[in-house]
Amino acid sequence: MPDADALFDALHRSAAPAAAIAVAALVRNGSDAALARINALGFAAEHGLDEEQAIAALLHAARLGLFEMSWNILCPSCCGVLDANTTLRSVRQQDYHCAFCALTSEPNLDDTVEVSFAVSPRVRRISGHDPDRLSFWDYHRQVFFGSGVVFPEGEAFDELSREATLEALELQPGEKAILSLTVPAYPIIIFDAVSHEAHVIDIAGAAANARQEQAVVFSGVRGQVGRSSLAPGPLRLSLDNRTERRILPGVFVARPELEGLIGHRRPFLTAKRLLSNQTFRDLYRTETLDVEQRLKILSLTFLFTDLKGSTQLYGRVGDLVAYDLVRAHFQILSEIVASEAGAVVKTIGDAVMATFPAPHRAVAAALRMRAAMRQLNQRRGAQDLVLKIGIHEGPCLAVNLNDRQDYFGQTVNIASRVQELATGDSIIATDTVVNHADAARVLTDHGVAATPWEVSIRDVEGVRVFAMA
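Residues numbered from 1 in each chain as written. Predicted model: local features only at pLDDT ≥ 70, side-chain atom pairs only at ≥ 80, totals over all residues. Heavy atoms only, no water.

## Digging into the overall build of the protein
Stage number 1. Counting its secondary structure elements, the protein contains 15 helices and 21 strands.
Stage number 2. For the protein, the proportion of its 469 residues judged to be buried stands at 55%.
Stage number 3. Intrachain contacts of the protein at a sequence separation of at least 6 include 73% that bridge at least 24 residues.
Stage number 4. Here the protein has roughly 20,600 Å² of accessible surface; of this, 49% comes from carbon and sulfur atoms.
Stage number 5. Side chains of the protein carry 45 positive and 56 negative charges; the gap between the two charge centres is 3 Å. (Helix = DSSP H or I, 4+ residues; strand = E, 2+ residues; numbered from the N terminus. Buried < 20%, exposed > 50% of the residue type's maximum accessible area, 1.4 Å probe, protein only. Contact = heavy atoms within 4.5 Å. Areas by Shrake-Rupley, 256 points an atom, 1.4 Å probe, with all protein chains shown as cover. Lys, Arg positive; Asp, Glu negative; His and termini not counted. Charge placed at Lys NZ, Arg CZ, Asp CG, Glu CD.)

## A short note on helix H3 (residues 40-47)
Stage number 1. Ala40, Leu41, Gly42, Phe43 and Ala44 are the residues of H3 that are buried.
Stage number 2. Elements in contact with the buried residues of H3: helix H2 (17-29), helix H4 (51-64), strand E5 (113-119) and helix H8 (271-275).
Stage number 3. Between the side-chain oxygen at the start of H3 and the backbone nitrogen of Leu41 there is a gap of 2.9 Å, and the oxygen is on Asn39.
Stage number 4. Following H3 by one or two positions, Gly48 has its phi on the positive side, about 65°. (Polar contact = N/O pair within 3.5 Å; in protein donor to acceptor, adjacent residues only side chain to side chain.)

## Structural notes on the pattern of salt bridges
Stage number 1. In this structure the tally under the stated criterion is 21 salt bridges.
Stage number 2. In this structure, the salt-bridge partner of Asp202 is Arg227, at a minimum N-O distance of 3.1 Å. With a gap of 25 residues between them, Asp202 in strand E9 (residues 197-203) and Arg227 in strand E11 (residues 225-230) connect regions that are remote in the sequence.
Stage number 3. Asp202 gets classed as partly exposed once you look at its relative accessible area, which sits at 26%. (Salt bridge = Lys/Arg side-chain N within 4 Å of Asp/Glu carboxyl O.)

## Overview of the packing of helix H1 (residues 5-14) against H4
Two quantities define a packed helix pair, namely the angle between the helix axes and the distance between the axes.
Stage number 1. The interhelical angle for the contact between H1 and H4, taken along N-to-C directions, is 140°, at an axis separation of 10 Å. By the angle between their axes, H1 is oblique relative to H4. In the crossing of H1 with H4, the sense of the turn from one axis to the other is right-handed. Across from Leu7, Ala10, Leu11 and Ser14 in H1, the residues of H4 making contact are Ala57, His60, Ala61 and Leu64.
Stage number 2. The class makeup of the residues in the contact of H1 with H4 is six nonpolar, two polar and no charged. (Axes fitted to C-alpha atoms, helices over the stretch in contact; angles between N-to-C directions. Parallel < 35°, antiparallel > 145°, perpendicular 65-115°, else oblique. Left-handed = near helix turned anticlockwise from the far one by under 90°. Nonpolar A, V, L, I, M, F, W, Y, C, P; charged D, E, K, R; others polar.)

## A word on the sheet that holds E5
Stage number 1. Spatially, three strands are ordered E2-E1-E5 in an open sheet, and the strand pairing comes out antiparallel. Each edge of the open sheet is held by one strand with a lone partner, namely strand E2 (81-85) and E5. Mean inter-strand twist for the sheet, computed between neighbouring axes without regard to direction, equals 30°.
Stage number 2. One ladder, built from seven bridges, connects strand E1 (residues 67-74) with E5; its direction is antiparallel. Among the inter-strand pairings, Glu68 is bridged to a residue of E5, identified as Ala118. (Pairing = 2+ DSSP bridges.)

## Side note on unusual backbone geometry
Stage number 1. One non-glycine residue, His196, adopts positive backbone phi at about 55°.
Stage number 2. One can find His196 in the loop between strand E8 (188-192) and E9.
Stage number 3. In this model, Ala341 sits at a positive phi of 65°, which is unusual for a non-glycine residue.
Stage number 4. By secondary structure assignment, the location of Ala341 is in the loop between helix H11 (319-339) and strand E15 (343-348).

## Some details on the packing of aromatic side chains
Stage number 1. Under the counting rule described, the total for this entry stands at 15 aromatic pairs.
Stage number 2. Where Trp137 meets Phe157, the ring centres are 5.4 Å apart and the plane angle is 85°; that geometry is what we call edge-to-face. Taken together, the positions of Trp137 in helix H5 (residues 136-144) and Phe157 in helix H6 (residues 154-164) put the pair 20 residues apart, joining distant regions of the chain. There is no split in this pair, since Trp137 and Phe157 are both buried.
Stage number 3. Ring plane angle 65° and centroid distance 6.3 Å describe the contact between Phe151 and Phe157, whose orientation is recorded as edge-to-face. As far as burial versus exposure is concerned, Phe151 and Phe157 are alike and both buried.
Stage number 4. Here the aromatic residues Phe100, Phe136, Trp137, Phe144, Phe145, Phe151, Phe157, Phe191 and Phe252 are joined through ring pairs into a cluster of three or more.
Stage number 5. Sitting above the plane of the Tyr284 ring, Arg63 keeps its charged end 4.6 Å from the centroid.
Stage number 6. Taking the ring centre of Phe157 as reference, the NZ or CZ of Arg141 above it sits at 4.1 Å. (Phe/Tyr/Trp six-rings, centres within 6.5 Å; stacked < 30°, edge-to-face > 60°. Lys NZ or Arg CZ within 6 Å of the ring centre and 35° of its normal.)

## Observations concerning the nonpolar core
When a protein is soluble and globular, its nonpolar side chains tend to lie buried together.
Stage number 1. Of all hydrophobic cores here, the largest spans 91 residues; its most connected members are Phe67, Met69, Phe117 and Tyr407.
Stage number 2. For Phe67, the residues in contact, after removing those within four places along its chain, are Val23, Val27, Leu35, Ile38, Leu58, Ala61, Ala62, Phe117, Ala118, Val119 and Ser120.
Stage number 3. Val337, Phe356, Ala372 and Leu443 belong to the second largest nonpolar core, which has 37 residues in total. (Core = buried A, V, L, I, M, F, W, Y, C linked by side-chain atoms within 4.5 Å.)

## Comments concerning the environment of Phe151
Stage number 1. Position of Phe151 among the secondary structure elements: in the loop between H5 and H6.
Stage number 2. Separated by 21 residues in sequence, Phe151 and Gln172 have C-alpha atoms that sit 27 Å apart.
Stage number 3. Residues in contact with Phe151, not counting those within four places in the same chain, are Trp137, Arg141, Phe145, Phe157, Leu261 and Ile262.

## Focus on the sheet that holds E11
Stage number 1. Across the sheet, five strands lie side by side as E6-E13-E8-E9-E11; this open sheet has mixed pairing. Looking at the sheet topology across the chains shown, the edges are occupied by strand E6 (165-168) and E11. Between one strand axis and the next, the sheet turns through 15° on average, direction left out of account.
Stage number 2. Relative to E11, E9 runs parallel, the two sharing six bridges. Bridge pairing in E11 links Ile203 to Leu230.
Stage number 3. With respect to the sheet, H5 is in contact with E6, E8 and strand E13 (249-253), its orientation differing from that of E13 by roughly 85°.
Stage number 4. Against the sheet, H6 contacts E6 and E13, and its axis sits at roughly 95° relative to E6.

Shown next, in the form of structure tokens:
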């Protein structure tokens, strides 16, 4: 792949060295399966990389054209991909239906929208670029199931797949098949991962002596689920492909072996985490959400800062000096936010609004911000830069405001008003933050106490605040 050499050189100039080397090696030497749906967190763990540096390297690689990003809607039960999108703009707000699990769910960016990476066909052609040629299990591994599903390997996979499936086959458009099966005393799921249709057979009663009949038609209606009841025993199963493409129906047995086959999970890169990643926001500043999109986030942590007395600062030291000081303050805060897996959403005057995927990251960032401002003041021999910080966690909506990805909701309003309560050089956080187990550990590790503060937040009831001293 000589044409990719220039892209690798560009990647080395933009990403951390170890991460860039690992990405280049993966593209050059990785198996087709390894390059079909890359789990960013798994990639980092496998190569001993810092997760944020690994994510940044994959993002830079995607921006350069080495990879293609996919925003996948996952079933919260089986982790199957219900829809794959090239951008977040394509994600619907409506419910998605998993035929395999017979489950309807509303997408949220916390845990049902994953972001994965696949090598670009312009860089290297892999079998996953031609999914209609993949075998039954390769299709499930590389296309249907999300990157958080870990399949067993070797003999363990062979044994579990035999126990979990009665039959697996391929049907071309218009083709039919008739199977003679013996149905065990467990429910049966006849599922095609290509058309995403299923038929569930409930098994009950005494074993049948005579052969039973069941016909299943795949018509291409995505998410369609049929249902019937049979007894254990012999079954003549008729499968009819009335779609316009090849399908891969499997007859699955809903017993423990099926859970052993597809039930193992590992962490994956969620859309929520990526939207709170500084590298992503820098590279994809205006390419996230459509103006009319409103996507739900169940839990996001917001950190607001402001400089106390900044107006007086300009009058005291002059515009040029004050401007340089404020710029230095912004740079310090931005670097700390990024290093704690967060992202600066926007600056408003001398204030910063940042997001973090979890409360402990925001608390760690706040403590480092306060220490950095104290050090900067100490080096200058002045106390001109006094930072006020407020933190709150809760649900919100990811939206597009002023052509940029932003957030909307009461959680954002409360976080802003918590910051307004802060006095000079103080950090104020709500109970949802300080009661978070990992955030409490961060405070303990830094020898910082969170003291309840009996003060009310304007226009908000039922939220307690704490001062971190």
